[in-house]
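A closer look at the structure
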Amino acid sequence: MRAMLYAILSSVFFATTYVLNRNMELAGGHWIWSASLRFIFMLPFLILIVMWRGKLGLLIQEMKRRPWEWMLWSTVGFGVFYATLCFAAAYGPAWLIAGSFQITIVAGSLLVPFFYEEVATAKGIIRRRKKIPFQGLGMSLVILVGIALMQVENAGQLSMTDILYGLLPVIISAFAYPLGNRKMMEVCEGRLDTIERVLGMTIASLPFWMLLSLYGFVTAGGPSTSQVEQSFFVAIFSGIIATILLFKATDMVRESPRMLASVEAAQAGEVLFSLLGEILFFHAPLPSSISLLGICLVVFGVILHSYQMAKLNSTHVAEPVAQLTIDWAADRDR
C-alpha cells in the first residue's frame, strides 16, 4: 500500500512539469529557458545526493570510460527529449501534452529492434536483435486512439501548422527519451543505478543546454524572475522528488510483478493531475467531452499495457521484471 502511495505521489510531482511549463509559456517565457534551467538547477542537488551515497567517484570513472557515448545519448535522452517537450507547451494545454507523451510507451516497444540480447543456443551464446513485443504493443493501440481523440479538440481551434507544431515535437520527445535512456543503460551495463545514471546524463547533456541557453539569450534575451522560480520548482518537484519517490516505490515491490505493474500503471495519473492542476491553479477551461473520453482511453491504455507487460515479463526468467520496471519507470525524469 505504501508503494502505491509513493507511486501516486510521484505522478503528482511529475505532472508539475506539464502544468508549470504551460504556465511559463502563457506568461511569455521562452521554451528554451523552461528546458535548460530545469537541468541546470537539478545538477547541484543530484551531485549532493550521489556524493552522500558515496558513488560520485564511481560515476566519474564510468563517464571517463566512454565519454562520447555519454554525451551523445544523454543529449538524445535528456536534451532532445525535454527541449521538444517544452517547445510543444506553446501549442497545447498541459493535459494534452501529458496525454500525448504517453505515446512513449508505444515508442519504447517500436525501438526494441535497435537493441541486442544474448541468447543461449545449441551452438553457444549468440547476440541477436530483440524482437518487437507485438502482444504488448496491441494493448498500446488504446493509447493511440485516446491521443487521437484528445487532438480532435485542437483540430477545431488551431491551424494544421499549429497542430503539427504541438504534436510532432511530442512524438520526437517520446522516441528520444527511451532511445537515449536505453542506450545509456547499455553503456553502463548495470554498474550504475538510476540516480547515478540521471546525474551522469545531466552532466553529459550540459554542453547541449549551454549552447541552447546561449542561443536563447541571443534571440530572446534572459529569462524573467518568474520563469527562473518556476523552472526551479520543476527541477525539484519533477526532476528530484518524483524520480526518488518512484524509484523507492519500484524498489519496495521488486519481487511482485503484479505490484510492479500497479506502480507503473499509476503513472497514468499524471495526465489527470496535469488537468486538475491547470483547472485549480490556473483556471483553465475543462476539456470537451471528446477530449475527456480520450484522456480516459489513454489512462486505461497505460494500465492495460502495464499489466500485459508484467504478464509477459513474468514468463521470462532471464530478464528480471523488477529491473525492467525500474528502468522504465524510475528513469522517467520529466
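Residues numbered from 1 in each chain as written. Predicted model: local features only at pLDDT ≥ 70, side-chain atom pairs only at ≥ 80, totals over all residues. Heavy atoms only, no water.

In terms of helices and strands, the chain carries 15 helices and two strands. With 334 residues in all, the chain has 51% of them scored as buried. About 15200 Å² of surface is accessible on the chain, with carbon and sulfur atoms providing 70% of the total. (Helix = DSSP H or I, 4+ residues; strand = E, 2+ residues; numbered from the N terminus. Buried < 20%, exposed > 50% of the residue type's maximum accessible area, 1.4 Å probe, protein only. Areas by Shrake-Rupley, 256 points an atom, 1.4 Å probe, with all protein chains shown as cover.)

Here we come to the pattern of salt bridges. Applying the stated criterion to the full structure yields seven salt bridges. Note that Arg65 is salt-bridged to Glu62, the shortest N-O span being 3.7 Å. One end of the pair, Arg65, and the other, Glu62, are both in helix 3 (residues 56-65), three residues apart, so they sit about a helical turn from each other. Across the salt bridge formed by Arg191 and Glu189, the nearest N and O atoms sit 2.6 Å from each other. Here the salt bridges share partners, and the residues they tie into one network are Glu62, Arg65, Glu189 and Arg191. (Salt bridge = Lys/Arg side-chain N within 4 Å of Asp/Glu carboxyl O.)

Counted according to the given criterion, the structure contains 16 aromatic pairs. Measuring from ring centre to ring centre gives 5.7 Å for Phe81 and Phe101, while their planes differ by 45°; the resulting arrangement is tilted. One end of the pair, Phe81, is in helix 4 (residues 67-88); the other, Phe101, is in the loop between helix 5 (94-100) and helix 6 (104-110), and 20 residues separate them in sequence. Among the residues examined, Phe81 registers a relative accessible area of 0% and is labelled buried. (Phe/Tyr/Trp six-rings, centres within 6.5 Å; stacked < 30°, edge-to-face > 60°.)

Together, Leu276, Leu280, Phe281 and Phe282 make up an exposed nonpolar region whose accessible area comes to about 440 Å². Take Phe281: it is sitting in helix 13 (residues 269-282). (Patch = residues over 30% accessible without salt bridge, like charges linked within 9 Å, V, L, I, M, F, W, Y side chains within 5 Å.)

Between its terminal C-alpha atoms helix 13 stretches 19 Å, which fits the 20 Å expected from 14 residues at 1.5 Å a residue. Among the residues of helix 13, Gly269, Glu270, Val271, Ser274, Leu275, Gly277 and Glu278 are the ones counted as buried. The first or second residue beyond helix 13 is His283, which carries a positive phi of 55°. (Expected span 1.5 Å × (residues − 1).)

Take the confidence of the model for the chain next. For the chain, the average pLDDT comes to 84, and 85% of its residues sit at 70 or higher. Averaged pLDDT values over the elements of the chain bottom out at 41 in helix 15 (residues 321-329) and peak at 96 in helix 10 (residues 206-220). Ignoring residues within four places in sequence, the model shows residues 317-331, a span with pLDDT below 50, making 36 contacts including any to other chains. (pLDDT = per-residue confidence, 0-100. Contact = heavy atoms within 4.5 Å.)

Locating Pro169 in the fold gives a position in helix 8 (residues 160-188). With relative accessibility at 9%, the residue Pro169 sits in the buried group. Spatially, the C-alpha atoms of Pro169 and Ala88 are 5.9 Å apart, while their sequence positions differ by 81 residues. The residues contacting Pro169, other than those within four sequence positions of it, are Thr84, Phe87, Ala88 and Leu164.

Ranked by internal contacts, the top residues of the largest apolar core, which has 64 residues, are Trp70, Tyr82 and Phe101. Ranked by the residues each element gives to this core, the list is headed by helix 4, at 10 residues. Of all hydrophobic cores here, the second largest spans nine residues; its members include Phe14, Ala242, Leu246 and Ala249. (Core = buried A, V, L, I, M, F, W, Y, C linked by side-chain atoms within 4.5 Å.)

On to the environment of Ser11, then. When you line up the elements, Ser11 lands in helix 1 (residues 2-26). Remark: the alpha-carbon pair of Ser11 and Leu246, spanning 235 residues in sequence, is separated by 8.3 Å. Residue contacts for Ser11: discarding those within four places in its chain leaves Ala266, Gln267, Gly269, Glu270 and Phe273. Engagement of the side chain of Ser11 in a polar contact is seen with the backbone oxygen of Ile8, the distance being 2.7 Å. (Polar contact = N/O pair within 3.5 Å; in protein donor to acceptor, adjacent residues only side chain to side chain.)

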